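Chain by chain, the residues:
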Amino acid sequence: MSEKAKKVAHVESRMVVSTRDKLVGGTIRYIVIALAVIFALFPVVFIVSSAFNPAGTLSTQSLIPRGVENFEELFTNFRALMVDELETYPFWNWILNSFVVASITTVLVVLITAMSAYSFSRFRFYGRRTMLLGILLIQVFPNLLAMVALFLILNDIGRLADTIPEALPFLSFIDWSWIKRFSLDSIGGLILVYMGGAMGINTWLMKGFFDSIPREIDESATVDGATHWQTFWQLIFPLVRPILAVVGVLSFVGTFNEFVLARLVLRDTDSWTLMVGLFNFINSDFNRDWGKFAAGALISGLPVVALYLALQDQIVGGLTQGAVKG
Amino acid sequence: MLRKKFLFTVLVIALALGTMGRLLAQDDQSLLIWADAERAVLLTDLAPQVEADLGITLEIQEIGLGDARDQLLVAGPVGEGPDLVIVAHDTLGLLVSNSAIVPLDFAGMEDMLFPSALNLFTYQNQVWGLPYATENVALIRNVDLVPEAPTTWQQVRTISEELQAAGNQYGFIVHTGNTYHNFPITSAFGGYIFGRSEDGGFNVADIGLASEGGLAAAEWLSGMYRDGLMPTNVNDDVVFELFTSGDAAMFITGPWYSQRIIDTGINYAIDPIPGAEGGLEVGAPFSGGQGFVISAFSEKQLLAETFLYDFLATTEFMQAIFDQGGRPPAFVDVDTSANPNIAGFSAAGATAIPMPAIPEMGAVWAASDSALTLISQGEDATGSMEIAVAQIAEAINILQTGAVVSATVAGSLQEELGCPGDWQPECEATFMTDSGDGIWTATFTVPAGDYEYKVALNGGWAENYGAEGARDGANIVLSLAADTEVTFTFDYNTKLITDSVNNP
Amino acid sequence: MSAAGSASSPPSGGAGLPSDPFNLLFTILRYAGLMLLNALGLVIIYGFISDDNLSLAIVFAVITVGANIITFVPALYPLRWMTPGLMLVTLLVIYPIIITVVTSTTNYNNFHLFTKAQAVRLLERQRYVPEGAATYAYQIFQNEAGEFALWLSREGEGGALEVAFAPAGAPIVAVANPPAEPPETYEGYRLLAGADRTAALTAAGQTVFGIGDDTAQISSRREAARPLVQRYVYDPATDRLTDNQTGTVYVADNKTGFFTRENSAETLSPGFRVSIGLDNFSRLVSDPGLRGPLVDIFVWTVVFAFLSVVTTFAVGLAMALVLNDPIVRGRKIIRSLLIIPYAMPGVISILVWRGMLDQNLGIITRTIADTFGVQLQWFSDPALAKVAIIIVNLWLGYPYMMLVTSGALQAIPSDVYEAAAVDGANPSQRFWQITMPLLLVTVGPLLIASFVYNFNNYMMIELLTRGDPPIPGSPTPAGYTDILISYTYSLAFGSNQGADYGYASAITIVIFILVAIVTLMQYRFTRSWEEVSENV
């Protein structure tokens, strides 16, 4: 089996390039990379400078509005966020909530979509293409209006905590209040909503990736007497780590930065996620606190970049290695 | 390797379950309040005091001013809503028409509140909220560049020309394409949004953006842009940057920028809005306000009322809310001396016009904003405003009517014409025929007698027209000495109803 | 295909390898899990039914039954893998879509927000003090059993104090020679004050005091009325609402969603939601907004979505390829730097871009003006505004494409390249003939999804340009950079007050149909992509 896995080796190691090509190509590459990095970071510099701007505007004029001599003042917003806000807002709660929501959603989404994608990739069954198409189509439904429906679903689920013991008194020995943990104003409810929304396109992405892994690998395993589950869990799962990592990052970033649904579901300040809290700084017609928002945005960007750094080896390279280990 | 990861997963899930959802303590003496960020902080701070004084436990949830109305209408009916909410005054129209809030009674407290503030929270002759702050824009002036306050917009133009000639960039700047900030100019020249009807309400058929005054204001703006005296594409940030750098001498803003104006370090003055030659003496800004309302969905209205009258509607609380928010207060006795800008904004607000809280206002913003932007880009001022008025009229039409599917001659003659009863808009026997272009006709042979009728649209009374084309207007009298063939005509464009007897 | 055939034969209910203890354990676990799911499902369904919530009961029934069918029908073995996903999608994606479809046939708007039951409940809560009723100041009393009573006092005829004591559920009696202030205790009841009174206020406010014809109720924080009467009474049999105060009868007009006074145009607020069939769709067809620049807006929407996909994909792929090359030093760091735009919340990124492009002060505008002497009118010039949107969207979107393509490139087997190298293919041939087709297998559907996402990218347009610059002379306000969804939603929602959910739902469905057609057309290509992969 490792023989076969080795076929799926990394592209870069086998590229055959001449020395001259390398030199020219290398120079061009560095120029392209430099341009790309400037393009990528230029606006970020502005976000940093707004974060350091105590006036609370999205400054349009200069990178560092107050000059270097006022250096200590530049940190007002960070201080405001980290110290002052702690007195009025459970800022650390928000960070923890965001982290918990994004982590759990990511782990579950990756697991659930990987299983669905495996099925779509490896089995041929009646209605398969219709289902794939269906997944794509429900994904393209403009969902601006789904919000009211989601609000009502979670609310109605929450009511069950009261109606079940009333309607079925013989079951009232169970504490049904756990249902409230999947209702409005709960992180569980928010995770549910996110998971529902994340299924579609990730399934497609993974399925495409599974498709490109040679079938002989699972066939030989099946011949050896492994069940589908064993093949999936022990063979394929490790092999597709790059795409699991990609889906993981996508899902983590998506949930970490989402605030429209979170704002709808989470009411209590304690249960807010970071983005809901940050959005609140700018959610008024006039008194927008851009400085704090920008500072918070930078903080919220850190875990995402860190996660990417951690998973980069999984995403790029390391495929052969993964197969051997698996 | 895998096992370790699995353990990690379990750990994360366990951690999450520990912090997930908590049950709120709901009992009879607790009130749930939705407040915007600043007021939420204040109320949270004051909650222990409320509990000690009144025995009421406060639960505060932060909901932005912009969201409060819509969220109340979704969450309220399913029992998830608050008992009290902070809203902006212009949400009243919708909240009242959905019976989402309850009326309040400030009898005996009138002298405590500024009439203008109470007025903002009055809708259909009833008070619906307890205002705590009002706001309106004023003219901010760099005293070093413009030592004397201009009294007309014509003077503003002259000052702009002089300053530009002297090497300063702009004498006056205003948010581009922003109806709210441009309205004081419109009003100074005699323009308006909606005219007033006799009963004191708004006459939405009379749109004043393209009135003589409205057009004069548009022409003034157009001239300023055309001659390079005002920059285009100006937003909040630009206004401020230009004022701070001294590149703009005057601009229009409200008390929400109080602190930022002080922070610029510029020697400034807050002036009333200039008037206009041939217009008003002083320009009138819109006034707006924020206040507390009690949800009609609340089971604890009595408790909410107690809290509202005994704690919120006191000078002490209003002082606290002022000290924190810095907007002109709604209560007379609040001491504003700590904030030097309040007097200026209040003076500019003396002539302010309450921003209409009627639903039709929703049709105005986009159209008017577009016209103002187009004027800044050099499009014809008169033409742009006339188009905006046409767009608003069209949108109001849709808001009020929707599509016309059927029109019925409904009245006391219906039973004679084969309907099961009179005054039945759903009766198909007296349906009119669509002859195209919004003209509906019907011809019936009506027995002799005296009748009254109206025209009802879409099989119901929700939209109907009576005498002189008035919506919900008076019944039209039809007197027939003998059996007569009568042709009824309804013109949807003019809403006029004619019949071959009254209008031969 | 023979491989696929063998893979799809389902194992017979876990009996494949009985010697494997794990397998047996798995089977047991699966059925135990199913039983638990069924039990919970039944309880939840029953709970919803008893809460009069039929629609969610049906959804959960579908989910529960579906899970059982999937488990017990061997032919559905492949679906077992998707069970959790299908359950979530049914509840949280498909059901909301169905609700949107249903909403599109109703008059659900700002004047008809509530269901009829909710509207009736709101109306029936209203109370009034009938003519001739006496109003009193009141104090609340409570006895040991927790029952409430009211101490009612008013100025009687001639200025004398007139007091009545009104216990809940017992006759109201006049208090002879009343004291000026209520006593601390009275007939076993204790006067409530301070926090006790506060705690009792809500319950007492809902209590009817007295009995039979003579009752009293608290009407406001200051007054109690004797009696206080429910204003509106709804009779479900005749579908009519009677106003007890005026005697007026209102008939439920189930066509317009109002209670309407008989023989008059007078309606009661609030209205309620009713089905209006396809009226929202016919309104959409006759909407004057659609006589406007709809064609231009549609073309721009397609161009915008297409260019967004092409630019982000091209740049993302280029970066992924460049950074795949081991000769580039510091790749890890560079990749992490390039991913930063994706880590920033979109709201702030778009607004920062707007600031940088600002026509008066934006750093980009000023730099270009200083260097080339051209003052670019980013937001006043239609063409430039469109360019700005594409650039900003590229910035926001390329890291996603870079991520996805980096991952997908890993799946391309290297022996294909080796074979190509032997055949003498140059790098460009290798890229177009090998890399691209294989890459499209994985990311093809993502490109479609990205197209569709941008087709409906409301937030981008709203935050960056708000659709500006405006199109002069349009019958409804519209801008050159408006896309279909931003334009039509502004028709449905106005700017502030006119939210019309029914109409917006109808618009949503029409847009969905448009997008679905585009998707289906593109989907045909994925069939060929998939075939490519099966030949690998």
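Q: Can you break down the overall build of chain C residue by residue, with the values?
A: Each helix and strand in chain C was counted, giving 18 helices and 16 strands. Within chain C, buried positions represent 52% of all 536 residues. Within chain C, contacts between residues separated by at least 24 positions form 60% of all contacts whose residues are at least 6 apart in sequence. Of the roughly 23,000 Å² that chain C leaves accessible, carbon and sulfur atoms contribute 62%.

Q: Lay out empty space enclosed by the protein with the relevant residues and their values.
A: What the rule picks out here adds up to 9 cavities of 30 Å³ or more. Taken as a whole, the largest cavity holds about 90 Å³ of empty space. In this structure, the largest cavity is lined by 12 residues; those nearest its centre are Arg263 and Trp272 of chain A together with Glu62, Ile63 and Asp67 of chain B. Elements with a contribution of two residues or more to the lining of the largest cavity: helix H14 (274-282) of chain A together with helix H3 (65-75) of chain B. A per-class count over the lining of the largest cavity returns 4 nonpolar, 4 polar and 4 charged.

Q: Break down H3 of chain B for me, citing the residues and quoting the values.
A: Taken together, the buried positions of H3 of chain B are occupied by Asp67, Ala68, Arg69, Gln71, Leu72, Leu73 and Ala75 of chain B. Buried residues in H3 of chain B make contact with helix H8 (146-167) and helix H13 (260-265) of chain A together with strand E1 (30-35), strand E3 (84-88) and helix H4 (92-97) of chain B.

Q: Summarise the domain arrangement of chain C; cite the residues concerned and give the values.
A: With domains assigned, chain C is organised as domain 1 (19-103), domain 2 (116-126 + 232-276), domain 3 (129-230) and domain 4 (284-534). For domain 2 of chain C versus domain 4 of chain C, the separation of C-alpha centres amounts to 49 Å.

Q: Would you mind going over the sheet that holds strand E16 (residues 433-434) of chain B in detail, with residue names and values included?
A: Residues and elements named next belong to chain B. In space, the 4 strands of this open sheet follow the order E16-E17-E21-E22, with antiparallel pairing throughout. Every interior strand has two partners, whereas the edge strands, E16 and strand E22 (496-499), have only one. Note that strand E17 (residues 439-446) and strand E21 (residues 484-491) share 8 bridges and pair antiparallel. The residue of E21 that forms the bridge with Phe444 is Val486.

Q: Tell me about the environment of Arg69 of chain B, and name the residues and values.
A: Residue and element names in this part refer to chain B. Mapped onto the secondary structure, Arg69 falls in helix H3. Using a relative accessible area of 6% as the deciding quantity, one classes Arg69 as buried. When the C-alpha positions of Arg69 and Ala390 are compared, they lie 29 Å apart, and in sequence the two are 321 residues distant. A polar atom in the side chain of Arg69 sits 3.0 Å from the side chain of Asp70.

Q: Got a sec to walk through the packing of aromatic side chains? Specific residues and values, please.
A: The final tally for this structure, using the stated rule, is 59 aromatic pairs over all chains. Relative to Phe114 of chain C, the ring of Phe297 of chain B lies with its centre 5.7 Å away and its plane at 80°, an arrangement referred to as edge-to-face. With Phe297 of chain B in the loop between strand E13 (286-294) and helix H11 (301-312) and Phe114 of chain C in the loop between helix H5 (83-103) and helix H6 (116-124), this pair bridges two chains. An identical accessibility class is assigned to Phe297 of chain B and Phe114 of chain C; each is buried. Three or more aromatic residues link up through ring pairs in this structure, and these residues are Tyr118, Phe123, Phe210, Phe232, Trp233 and Phe237 of chain A together with Tyr77 and Trp81 of chain C. Looking at Arg196 of chain B, its charged tip hangs above the ring of Phe202 of chain B, at a distance of 4.2 Å from the centre. The ring of Phe240 of chain B carries the charged tip of Arg260 of chain B above its face, separated from the ring centre by 4.0 Å.

Q: Describe the interface of chain A and chain C, and please don't skip the residues or the numbers.
A: Contacts between chain A and chain C engage 116 residues on the former and 126 residues on the latter. Taking both partners together, chain A and chain C bury about 11,000 Å²; carbon and sulfur atoms supply 76% of that area. The tally of links between chain A and chain C comes to 1 salt bridge. Two residues, Arg159 of chain A and Asp51 of chain C, come together in a salt bridge whose shortest N-O distance is 2.8 Å. Where chain A touches chain C, the interface holds 9 residue pairs in polar contact (both at pLDDT 80 or more). Of the residues forming the side of chain A that touches chain C, the biggest block, 16 residues, is contributed by helix H3 (residues 19-51) of chain A. Among the residues forming the side of chain A that touches chain C, the class breakdown is 80 nonpolar, 20 polar and 16 charged.

Q: For the environment of Thr301 of chain C, give the residues involved together with the corresponding values.
A: All names here are of chain C. The topology assignment puts Thr301 in helix H9 (residues 294-322). With a relative accessible area of 0%, Thr301 lands in the buried category. Taking the C-alpha atoms as reference points, Thr301 and Asn454, 153 residues apart in sequence, are found 8.5 Å from one another. Not counting chain neighbours up to four residues away, the residues in contact with Thr301 comprise Phe455, Ile483 and Leu484.

Q: Tell me about the sheet that holds strand E14 (residues 249-253) of chain C, and name the residues and values.
A: Strand pairing in a sheet is mediated by backbone hydrogen bonds. Such pairs are either parallel or antiparallel. Residues and elements named next belong to chain C. Ordered in space as E12-E13-E14-E15-E16, the 5 strands form an open sheet in which the pairing is antiparallel. Both outer strands of the open sheet, strand E12 (232-235) and strand E16 (267-268), are each paired with one neighbouring strand and no more. When E12 meets strand E13 (residues 240-243), the two strands line up antiparallel, connected through 4 bridges. Residue pairing across strands places Tyr234 opposite Leu241, the latter belonging to E13. Strands E12, E13, E14, strand E15 (258-261) and E16 of the sheet are contacted by H6, whose axis makes an angle of about 145° with E12.

Q: Describe the confidence of the model for chain C, and please don't skip the residues or the numbers.
A: Put simply, chain C has an average pLDDT of 83, and 90% of its residues get 70 or more. Below a pLDDT of 50 lies the segment residues 1-19 of chain C, which in the model reaches 22 contacts outside its immediate sequence neighbourhood of four places, other chains included.

Q: Summarise the pairing of strand E15 (residues 407-411) of chain B; cite the residues concerned and give the values.
A: Among the 5 residues that make up E15 of chain B, 5 are buried, leaving the element largely enclosed by the rest of the structure. Taking every second residue as pointing to the same face, both faces of E15 of chain B are buried, with Ala407, Val409 and Gly411 of chain B on one and Thr408 and Ala410 of chain B on the other.

Q: Just give me the short version of the confidence of the model for chain A, but keep the residues and values in it.
A: All names here are of chain A. Per-residue pLDDT for chain A has a mean of 75; in total, 75% of the residues score no lower than 70. The element-level mean pLDDT for chain A is lowest in helix H16 (residues 319-325), coming to 34, with helix H6 (residues 91-122) highest at 90. Considering only residues more than four positions removed or in separate chains, one finds that residues 1-16, a stretch of pLDDT under 50, has 36 contacts. Contacts of residues 64-75 to residues separated by more than four positions or lying in other chains number 16 contacts, the stretch itself having pLDDT below 50.

Q: Account for the pattern of salt bridges, with residues named and values stated.
A: Per the counting criterion, the structure on display carries 18 salt bridges over all chains. Residues Asp211 of chain A and Lys207 of chain A are paired through a salt bridge, measuring 2.8 Å at the closest nitrogen-oxygen approach. Here Lys207 of chain A and Asp211 of chain A lie together in helix H9 (residues 187-211), a separation of 4 residues that amounts to about one turn. Take Asp211 of chain A and Lys207 of chain A: they sit in the same class, and that class is buried. Between Arg190 of chain C and Asp196 of chain C there is a salt bridge whose closest N-O contact spans 3.8 Å. Arg190 of chain C sits in the partly exposed class, given a relative accessible area of 39%. By sharing partners, the salt bridges in this structure join Arg157, Glu161, Arg226 and Asp227 of chain B into a single network.

Q: So what about the pairing of E22 of chain B? Which residues, and what values?
A: Residues and elements named next belong to chain B. Only one face of E22 is buried, namely the one carrying Ile497 and Asp499, since none of Leu496 and Thr498 on the opposite face is buried. As paired elements, E21 and E22 share 4 bridges and run antiparallel to each other. From the neighbouring strand, Phe490 faces E22, where its bridge partner is Ile497. Connecting E21 to the antiparallel partner E22 that follows it, the hairpin turn spans 4 residues, and Lys495 within it adopts a positive phi of roughly 70°.

Q: Any chance you could break down the packing of H6 of chain A against H14 of chain A for me, citing the residues and the numbers?
A: Residues and elements named next belong to chain A. At a minimum axis separation of 7 Å, H6 and H14 run at an interaxial angle of 130°. By the angle class used here, H6 and H14 are oblique. In this structure, H6 uses Phe91, Trp94, Ile95 and Ser98 to contact H14, whose residues at the interface are Leu274, Met275, Gly277 and Leu278. For the contact of H6 with H14, the class distribution of residues is 6 nonpolar, 2 polar and no charged.

Q: Describe the state of the cysteines, naming the residues involved and giving the relevant values.
A: Residues and elements named next belong to chain B. Scanning the model with the defined rule gives 1 disulfide over all chains in all. With a sulfur-sulfur separation of 2.0 Å, Cys419 is cross-linked through a disulfide to Cys427. Disulfide Cys419-Cys427: the torsion about the S-S bond is -90°, which places it as left-handed. No difference in accessibility class separates Cys419 from Cys427, as the two residues are buried.

Procedures and definitions
Residues numbered from 1 in each chain as written. Chains lettered and ligands numbered in written order. Predicted model: local features only at pLDDT ≥ 70, side-chain atom pairs only at ≥ 80, totals over all residues. Heavy atoms only, no water. Helix = DSSP H or I, 4+ residues; strand = E, 2+ residues; numbered from the N terminus. Buried < 20%, exposed > 50% of the residue type's maximum accessible area, 1.4 Å probe, protein only. Contact = heavy atoms within 4.5 Å. Areas by Shrake-Rupley, 256 points an atom, 1.4 Å probe, with all protein chains shown as cover. 1 Å grid on protein atoms, 1.4 Å probe; cavity = no way out; pocket = protein on both sides within 12 Å on 5 of 7 lines; lining within 4 Å. Points joined across faces, edges and corners; volume = space filled by probe spheres on them. Nonpolar A, V, L, I, M, F, W, Y, C, P; charged D, E, K, R; others polar. Domains from an automatic or database assignment. Pairing = 2+ DSSP bridges. Polar contact = N/O pair within 3.5 Å; in protein donor to acceptor, adjacent residues only side chain to side chain. Phe/Tyr/Trp six-rings, centres within 6.5 Å; stacked < 30°, edge-to-face > 60°. Lys NZ or Arg CZ within 6 Å of the ring centre and 35° of its normal. Buried area = accessible area lost by both parts, 1.4 Å probe. Salt bridge = Lys/Arg side-chain N within 4 Å of Asp/Glu carboxyl O. Axes fitted to C-alpha atoms, helices over the stretch in contact; angles between N-to-C directions. pLDDT = per-residue confidence, 0-100. Parallel < 35°, antiparallel > 145°, perpendicular 65-115°, else oblique. Disulfide = S-S within 2.5 Å.

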